[in-house]
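# Report on the structure
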Amino acid sequence: INCPSSIPILNDKSGKTIVSVKDLELGLKKKNKMETAKEVGLMLAKKAVEKKIKEVIFDRGGYKYHGRVKILAEGAREGGLKF
């Protein structure tokens, strides 16, 4: 979430993207970065639950678990995903 990017849920076996969310698609340009991260996490969880995905492995991609990464994870959990 350092820049406009896609946050995906991938199937490791097939290597295919199942669900993804882009912060720009949410139209949150006026919100701060922390609020945007939470909204991305909530939307990611919503899309995943719609596809009957309830449990995922959270890969931080080398980022420390704090700030926006932590907020995104909390939003995803709040939306119904389990890590």
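The structure contained in this document is the topic of the report that follows. (Residues numbered from 1 in each chain as written. Predicted model: local features only at pLDDT ≥ 70, side-chain atom pairs only at ≥ 80, totals over all residues. Heavy atoms only, no water.)

Another point: the overall build of the protein. The helix and strand tally for the protein stands at two helices and two strands. Across the protein, helices and strands are ordered from the amino to the carboxyl terminus as β-β-α-α. A globule of 83 residues ought to have a C-alpha radius of gyration of about 12 Å, and the protein, at 12 Å, matches this closely. If you line up the protein on its principal axes, its C-alpha atoms span 35 × 25 × 20 Å. Expressed as a percentage of the 83 residues in the protein, the buried residues total 25%. Sequence-distant contacts, at least 24 apart, represent 54% of the contacts inside the protein between residues at least 6 apart. Total accessible area on the protein is roughly 5900 Å²; 52% of this is exposed by carbon and sulfur atoms. (Helix = DSSP H or I, 4+ residues; strand = E, 2+ residues; numbered from the N terminus. Rg over C-alpha atoms; globule rule 2.2 N^0.38 Å. Buried < 20%, exposed > 50% of the residue type's maximum accessible area, 1.4 Å probe, protein only. Contact = heavy atoms within 4.5 Å. Areas by Shrake-Rupley, 256 points an atom, 1.4 Å probe, with all protein chains shown as cover.)

Relative to the 16 Å expected for twelve residues at 1.5 Å per residue, helix α2 (residues 67-78) spans 16 Å between its end C-alpha atoms, a close match to the ideal helical length. Buried within α2 are the following residues: Val69, Leu72, Ala73, Gly75 and Ala76. With its buried residues spanning 160 degrees around the axis, α2 presents them on a single face. In this fold, the buried residues of α2 make contact with β1 (6-11) and α1 (33-50). With its phi angle positive at about 120 degrees, Gly80 sits one or two positions after the end of α2. (Expected span 1.5 Å × (residues − 1). Arc of directions from axis to C-beta.)

Here the focus is the packing of aromatic side chains. Scanning the entire structure with this criterion turns up two aromatic pairs. Each ring, one from Phe58 and one from Tyr65, has its centre 6.4 Å from the other, and the planes form 85 degrees; the classification is edge-to-face. Between Phe58 and Phe83, the ring centres sit 5.0 Å apart and the planes meet at 10 degrees, which makes this aromatic pair stacked. With a gap of 25 residues between them, Phe58 in the loop between α1 and α2 and Phe83 in the segment after α2 connect regions that are remote in the sequence. Owing to a relative accessible area of 27%, Phe58 belongs among the partly exposed residues under this scheme. Looking at Phe83, the relative accessible area reads 34%, which means it is partly exposed. Three or more aromatic residues joined by ring pairs make a cluster, and in this case those are Phe58, Tyr65 and Phe83. (Phe/Tyr/Trp six-rings, centres within 6.5 Å; stacked < 30°, edge-to-face > 60°.)

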